[in-house]
Amino acid sequence: MDQNLLKRIKRRDRVARWVITAGGFSVIFCVALILVLIVRVTLPLFQASKAEVFAKLAPEALTQNGARVLAAGLDDYLENSYVLAADGSLSLFNTLTGELLGREPLAPPGAADALPVDLERSGAPLYTLLWSDGAVSVDALRFVPRFDERGQRSIVHRLERLGEFASVAGDAPQRILARPRKEDGVVLVRQFGDSRLLVTHEVVTRSLFGGESREAFEVELGETAGEVITALALDSDGSDLYAGTARGELLHWSLSDPQAPRLAERVQAFPDRRAITALALVFGDASLAVGDEQGGLSTWFRVRVAPDRAEFELRHIHTLKSHPAAVTAIVPSQRDKSLLSLNRKGTAHYDHMTSGRHLLALDALNPLAQVSLNGRNTGLIALDSRGEALVWRLDVPHAEVSLRTLFGKVWYEGYPEPAYVWQSSSGTDDFEPKMSLTPLIFGTIKGTFYAMLFAVPLALLAAIYTSSFARPRFREMVKPTVEVMAAIPSVVIGFLAALWLAPLLERNIASFFLSAAFIPSFLLLGVLLWQALRKIAPLRKVERGFEFLTLVPILLLAIYAAFALGPWFEQLVFGGDFKLWLFNETGVRYDPRNCIVIAFALGFAVIPIIFTIAEDSLSNVPGSLKAASLALGASRWQTAWRVVLPSASPGIFAGTMIGLGRAIGETMIVLMATGNTAIMDWIIFNGMRPLSANIAVEIPEAPVGGTLYRVLFLSAVLLFMMTFVLNTAAEVFRQRLRKKYGRF
Amino acid sequence: MSNLHGKSMRKFWRTGEPCVWFTGAALSLTLLIAATLVAVVLVNGLGVFWPSRVALLELTDGSRLIGEVMRFEERPEGAGERLQLKIGNRDLYGLDFRWVNADEVARKSFPEEIVVLERSEHGNFYGYLRAVAAPGLDLPADLAPLEAFGRASVAVAERQRDIDALGARLAGLNSQLERLRLQLLKLEYRGRGGEDAAVLDIKRRRTVLKDDFEQLVARQGLMLAEQRQIRAEFEEAGGRVKEIALAEVVRLYQPNAMSVPAKAWFYLGKLKELLFAEPREANTEGGLFPAIFGTVILVFLMTLVTFPMGVIAAVYLREYAKEGLLVRIVRIAVNNLAGIPSIVYGIFGLGFFVYGVGGAIDQLFFPGRLPTPTFGTGGILWASLTLALLTVPVVIVATDEALGAIPGGVREGSLALGSTKFQTLMRILLPMASPGIMTGLILAMARAAGEVAPLMITGVVKLAPALPLDGTFPYLHLDRKFMHLGFHIYDIGFQSPNVEAAKPMVFVTTLLLVLIVLAMSSVAIRLRNKMKKRYTYSTF
């Protein structure tokens, strides 16, 4: 034979072997790839935060003639940093090169030769400056990115004076705080001596013709006599004032009425009366961060005293990682619920309030004296004890997510108690996404549970009947029919469940209860009746293997009777309206898209799967076993129940597992036929929000790479894991069965 | 006698005969539920296009209503019945449906002269045809309005053809303009300035095209205005008169005057519209052609990938791999692949295909168009690849079974005659297993046709502006978004602003999808059973 041909054939054979083997492995590769890829997307959720020193600005370069630096700050892109110095100047630097970009003097509000001596910083950023003559000015500094026609970005700064206040005769304030009011005007709080608090509202009223009139209301808060106030905090529109005392008390005033501030609350924060050394309001102004002299850092917010009372009280909610020394300053992030805190030893902590994650601990060669965050949490500028400015670049991805927020109960702002909540988006900007996967997992389990409750008995019993009792001719018809059932798209089942079954059930819920009772009892009656009828010989002949056909009219009759008697039953038992009755008796609101609908729809989707696999394994039990059992005098039921069923149990188990896996992952049915509300209870008249539907609903709106996107991938990983365990278990059992009988 | 009866009764219980009956009941219940589902779809879907009679109701307060009686039900407050009437005329009444209490109806009749208009906007119109105004057509003045309407609509249809031809030319120009825009973007990305010869050339061509485009638009506008001159006057039940341009009328018929064959003819016409026309009115009216076409292309593309992948993997499992741990792991992997929820495939498709591969393709080949994504967004290619991954286990399992059913002697015979393994595979085994492989493929296609969840996040849309396959180069646009029957059901059933009016269309779409899927899977199962019979005698 032609050697070349032979060679070619052999080569082809070898190539084919390689290709086909590679193809086989590609299946494992695909499964692994899917898992690896979706896990990789979720990993950054749990990544540790990073901080690196980005630039250092030497003290002598920062100010002229060695003037003291009062505050330093950073823009959102880390390009510009600036310094407010005690000589009354604002200097701008290129962060990376340290080059001075500009220096401008700030106008003194009072005497022309006054210099700033102290300041308070808040927000985005707003500086309240105390000048040497006792006057106060309020200045807002903004950095605005500007794009030219070629898309190049440049950052422009703007300094805006919001208010000026004359000095108060006789006394220099110790602490000053000012905020713009919600309406026009400014609120200023000054602390004199240890405890005197003076609140000044400057209210601006604009007339119709553009004229302005300014009115000042000055009120001294009387409740602080005899206390030593050690920390003050004012919220971003100046309507709530908080003070901490040396004896560990927290005082809270409502300043919404300029003429009559009101002490809303006074609580002993710490039983051991340790001094409160720092206060700040967390972004959103709902939570108060409290630092104490022992280094403790906690957050507080107002919670209803009792569920039925309209009074609120400040409660200790989250405890963050403690500092080794007294907390001296707390700087809230302007973007989320993170807090930067500084202690007396000069080290800083960066924590997230809600997740309780301790994100970073920062220290430098010299102790830090002052810290400040930029607006996007991407950078931090600190002044150390030598006056050197240090700029860190921060990489804090997904600080709001931790295992505890994903799976545990979390006490969110505005909630009366810790809870599992899924609420990923809302209309307002300072909204905090709440991403607990627990209610979603619960929803998946709830829906699956009810569906399996309906599907497993039905499918298994039907499989037993088909394999053991039905005539072969029927079996050949029933099996393909059920298999065709499996092919009905889930979107069709979901649509029918939601738009046909749900309204039907809502109208006839009483009939549904009735039919649950009628079907078994009618069956029993039917069987008894048949028992009497089968004395007639011709009937007896056709009986075997035709039972299920005989039962169809009985079932139809039962359902018809239930529907006919339903309204009467509802009248009798539920007073005419089941939904009303349910609400009055148990407080449960009937949800039209509820678990009954889900049980039917999802159950219907998994019945064919369980049925097919169970039926296969039942009919593959060797005939010899059956024959032996029957020959020993067992009845056909006894044979089926005691001999065939145990032998086929691994296959039945496998079928149930695979059905369970399908029910867990089914998306369209639950998306359409559940209410998609993430609630956690077992009540059958409520809906739920399962993992799969949640992904389908939320992923189109999730920004790529954002927290929500990654959390949704994490829920996909969970789904994958659940079905992976179930399917692997099923396959292992099936392989065992195959070994047992040598074929399958 | 009673003793005997008791004994047999006891035996009946002891042998567990009632349990047999209960298992039988489970089977009948399952089949009943399936039959109910199919019946609901059939009953609601088949009747949609049958022109139902339109009733004229005279109410006790003297007002008159025209509409189709949809259903009767008990009044929620208890006393008596009420009926739901589809009154149409959304532009006049605001609502399509109205409930009327049965005891308020004084007289109900079905006058033959009532006409139903299907319009391209605002839903159906129910009322009477009063007159036709057709300037430029010179219809005889004494012509009956219906006759005049018929002649006028023939003329309108003729003109519409001209306008459509113009529209097609406009679309061609538009796509040329778009191509020029993309070329310009590419040149700009490469840093060619405004004075570059190529850039100037493109700009010049663009000006010429734009000029043509504007002239054609102007001409089309004139024709449309002229077209809209031909109007008909209708009167609704309450006597209000409404003028409607004939161009807006899709169809006019008098259901009460139609005979059964006429109705059947009408039904066929509607079916044709369903299969070959574009959707109207936020998808709740008109045809399903883009959705059907999108589904077909999707399934076709998926098959191209899933078929070789599945067959090769199964051949490896059955013919090449040695039984052992590895094969067990592969089998477990296959089963897991089959069991992974479809939404997880969707997430994978989004993360890997759309953002991963698609993003990389955009960076490499279409950097000039960024940030507008080309492949880095959902599209038919990514959707079909995702579905291919989803359906590959079906093909693997079917092929595996088919190969397993071939008696070992066949292989041994072939090898003994000196053929290589590959030759045995290609010449003997695969041809023998082909019915089984076909079965798997058809089942996979049926699954793909019905699957929606992964598509929702990889590129299906409620209304695609263009088909993924058309006459402009490169003909098959893999980056385009597409429509899909299954998603159509979800979309119009759940996202449509007027769910009640959309219901008939949802049922029709459902019926179509169920028919396609059931037909495909029945054929597959039939094939498989036939094949089983062919080989089973020799397996054991």
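Everything numeric here is computed off the predicted structure, so don't read it as measured data. Sequence order as written defines residue numbering, which begins from 1 separately in each chain. Each chain gets a letter, beginning with A, and each ligand a number, beginning with 1, in the order they are written. Since the coordinates come from a predicted model, pLDDT governs what is reported: local features require at least 70, and pairs of side-chain atoms require 80 or more to be given and counted, while whole-chain, interface and lining totals use all residues.

Description of the overall build of chain A
Here is step 1 of the chain: The secondary structure listing takes helices from DSSP runs of H or I that are at least 4 residues long and strands from runs of E that are at least 2 residues long, numbered from the N terminus. Along its length, chain A carries 16 helices and 30 strands.
Here is step 2 of the chain: A compact globule built from 744 residues would reach a C-alpha radius of gyration of about 27 Å, whereas chain A, at 37 Å, exceeds it by more than 25%.
Here is step 3 of the chain: Taken along its principal axes, the extent of the C-alpha atoms in chain A is 120 × 95 × 55 Å.
Here is step 4 of the chain: Here exposure depends only on C-beta density: within 10 Å of a residue's C-beta, 20 or more other C-beta atoms make it buried, 12 or fewer make it exposed, and intermediate numbers make it partly exposed, the C-beta atoms being placed from the backbone. Out of the 744 residues belonging to chain A, those deemed buried represent 45%.
Here is step 5 of the chain: Relative to all contacts within chain A whose residues are 6 or more apart in sequence, the contacts with residues 24 or more apart total 59%. Computation of the radius of gyration draws on C-alpha atoms, with the globule rule given as 2.2 Å multiplied by the number of residues to the power 0.38. Note on contacts: each residue gets a C-beta atom placed from the backbone, and two residues are in contact if those atoms are within 7 Å.

Things to note about the overall build of chain B
Here is step 1 of the chain: Along its length, chain B carries 15 helices and 12 strands.
Here is step 2 of the chain: Relative to the globule expectation of 24 Å for 540 residues, the C-alpha radius of gyration of chain B, 31 Å, shows a markedly less compact shape.
Here is step 3 of the chain: Across its three principal directions, the C-alpha atoms of chain B cover 105 × 90 × 40 Å.
Here is step 4 of the chain: In chain B, once contacts between residues fewer than 6 apart in sequence are set aside, the share between residues at least 24 apart is 68%.

Side note on the sheet that holds strand β8 (residues 136-147) of chain A
All names here are of chain A.
Here is step 1 of the chain: By this definition, two strands are paired if DSSP reports at least two bridges between them. Across the sheet, which stays open at both edges, the 4 strands sit in the order β6-β7-β8-β9 with antiparallel pairing between neighbours. For this open sheet the edge positions go to β6 (116-122) and β9 (153-165), each flanked by a neighbour on one side alone. Averaged over all adjacent pairs, the angle separating strand axes in this sheet is 25 degrees, with direction ignored.
Here is step 2 of the chain: Across 5 bridges, the pairing between strand β7 (residues 126-131) and β8 is antiparallel. For Leu129, the partnering residue across the bridge sits in β8 and is Ser137. An axis is simply a line fitted to the C-alpha atoms; with a helix, the fit covers only the stretch in contact. Between two such axes, the angle follows the N-to-C directions and lies from 0 to 180 degrees.

Some points on the domain arrangement of chain B
Here is step 1 of the chain: Segmentation into domains, and thus their bounds, comes from an automatic or database assignment. You can read the domains of chain B as domain 1 (55-126), domain 2 (145-229) and domain 3 (291-539).
Here is step 2 of the chain: Under the scheme applied here, ten amino acids are nonpolar (Ala, Val, Leu, Ile, Met, Phe, Trp, Tyr, Cys and Pro), four are charged (Asp, Glu, Lys and Arg), and all others, including Gly, are polar. Grouping the amino acids of the side of domain 2 of chain B that touches domain 3 of chain B by side-chain chemistry returns 3 nonpolar, 1 polar and 2 charged.

A short note on unusual backbone geometry
Here is step 1 of the chain: If you check the backbone angles, Arg273(A) has positive phi at about 55 degrees while not being a glycine.
Here is step 2 of the chain: For Arg273(A), the location among the structural elements is in the loop between β17 (262-268) and β18 (276-281).
Here is step 3 of the chain: Positive phi values are uncommon outside glycine, yet Asn89(B) reaches one of about 45 degrees.
Here is step 4 of the chain: Turning to its location among the elements, Asn89(B) is positioned in the loop between β3 (81-86) and α3 (90-93).
Here is step 5 of the chain: Residue Asn89(B) is classed as buried on the basis of its 25 C-beta neighbours within 10 Å.

With respect to the environment of Ser52(B)
Here is step 1 of the chain: Position of Ser52(B) among the secondary structure elements: in the loop between α2 (17-46) and β1 (55-59).
Here is step 2 of the chain: Considered as a pair, Ser52(B) and Val105(B) are 53 residues apart in the sequence and their alpha carbons are 20 Å apart.

A look at helix α15 (residues 691-698) of chain A
Here is step 1 of the chain: Of all 8 residues in α15(A), 6 are buried, a share of seventy percent or more.
Here is step 2 of the chain: Within α15(A) the residues assigned to the buried category are Leu691(A), Ser692(A), Ala693(A), Asn694(A), Ile695(A) and Ala696(A).

Describing the nonpolar core
Residues and elements named next belong to chain A.
Here is step 1 of the chain: The nonpolar core is taken to be a set of buried Ala, Val, Leu, Ile, Met, Phe, Trp, Tyr and Cys residues joined by way of C-beta atoms within 7 Å. Grouped together as the largest cluster of nonpolar side chains are 218 residues, with contacts concentrated most on Ala459, Ala497, Ala601 and Ile610.
Here is step 2 of the chain: Counting residues per element, this core draws most heavily on helix α4 (residues 438-469), which supplies 18 residues.
Here is step 3 of the chain: When neighbours within four sequence positions are excluded, Ala497 is seen to be in contact with Ala502, Val597, Phe600, Ala601, Ile669, Met672 and Ala673.
Here is step 4 of the chain: Listed in part, the 91 residues of the second largest apolar core include Ala72, Leu288, Ile317 and Leu394.

A few points about the pairing of strand β11 (residues 185-192) of chain A
All names here are of chain A.
Here is step 1 of the chain: Among the 8 residues in β11, 6 count as buried, and that is most of the element.
Here is step 2 of the chain: Bridge analysis of strand β10 (residues 175-180) against β11 gives 6 bridges, and the strand direction is antiparallel. If you follow Arg175 over to β11, its bridge partner there is Gln191.
Here is step 3 of the chain: Hairpin connection from β10 to β11: 4 residues lie between these consecutive antiparallel strands.
Here is step 4 of the chain: As paired strands, β11 and strand β12 (residues 196-206) are joined by 8 bridges and run antiparallel to one another. Across the sheet, Val189 pairs through a bridge with Val199, a residue of β12.

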